[in-house]
Amino acid sequence: MNKAKFSIEEIIKAINPAEVQNSTNISELFTVSTDSRNLTKDDIFLALKGENFDGADFVKNAFESGVRIFIVNKERKEEFKNLSAVFLYVEYTLKAYLNIASFYRKNQKAKIVAIT
């Protein structure tokens, strides 16, 4: 199955981050991943926060694995200010994830059919 690929500009447009740290002119396309166990340098790590976990706890490991773009809750901003990566800080990572999905769906040419 092909994964959706996004430019950094598309991600920023989709999630409207509260702050962007270390923004650069990046022209590559990336996939969005929430699973820190199998990240590649071509992934944007979206650090979901749940009841029992916080993906932001795995940002440093992901950085060491080669990931250079992160979407993180803005409350964790101070922890990552010294990492030389792009951070997109948002109010809620789950909302950002849903916004990316919505952005992707709206930009598809396929027709959407709902059966109730």
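Here's what I pulled together on the structure shown here. (Residues numbered from 1 in each chain as written. Predicted model: local features only at pLDDT ≥ 70, side-chain atom pairs only at ≥ 80, totals over all residues. Heavy atoms only, no water.)

1. Here we look at the pattern of salt bridges
(1) Moving on: Inspection of the entire model under this criterion finds 9 salt bridges.
(2) Moving on: A salt bridge links Lys-41 to Asp-42, with the nearest nitrogen and oxygen atoms 3.5 Å apart.
(3) Moving on: Taking relative accessible area as the criterion, Lys-41 reaches 57% and is therefore assigned exposed.
(4) Moving on: Asp-42 gets classed as partly exposed once you look at its relative accessible area, which sits at 35%.
(5) Moving on: Glu-91 is the partner of Lys-74 in a salt bridge, and the nearest nitrogen-oxygen pair spans 2.8 Å. (Salt bridge = Lys/Arg side-chain N within 4 Å of Asp/Glu carboxyl O. Buried < 20%, exposed > 50% of the residue type's maximum accessible area, 1.4 Å probe, protein only.)

2. Observations regarding the packing of aromatic side chains
(1) Moving on: Going through the model one piece at a time under the given rule, you end up with 5 aromatic pairs.
(2) Moving on: Ring centres of Phe-45 and Phe-70 lie 6.3 Å apart, and the angle between their planes is 90°; on these two criteria the pair is classed as edge-to-face. Linking Phe-45 in strand β3 (residues 43-46) with Phe-70 in strand β4 (residues 69-73), this pair joins segments that are 25 residues apart in sequence.
(3) Moving on: In this structure Phe-70 comes out as buried when scored by relative accessible area, which is 0%.
(4) Moving on: Considering the side-chain rings of Phe-80 and Phe-87, the 5.3 Å spacing of their centres and the 5° angle between planes classify their relative orientation as stacked. (Phe/Tyr/Trp six-rings, centres within 6.5 Å; stacked < 30°, edge-to-face > 60°. Helix = DSSP H or I, 4+ residues; strand = E, 2+ residues; numbered from the N terminus.)

3. A short note on helix α3 (residues 93-106)
(1) Moving on: Here α3 is 14 residues long and its end C-alpha atoms lie 20 Å apart, about the 20 Å a rise of 1.5 Å per residue gives.
(2) Moving on: Looking only at α3, the buried set comprises Thr-93, Ala-96, Ile-100 and Phe-103. For α3, the arc enclosing every buried residue in end-on projection is 70°, short of the 170-degree limit, so these residues lie on one face. Away from its buried face, by an angle of more than 90 degrees, α3 presents the exposed residues Lys-95, Leu-98 and Lys-106.
(3) Moving on: Those residues of α3 that are buried lie in contact with α1 (8-15), β2 (31-33), β3, β4 and β5 (86-90). (Expected span 1.5 Å × (residues − 1). Arc of directions from axis to C-beta. Contact = heavy atoms within 4.5 Å.)

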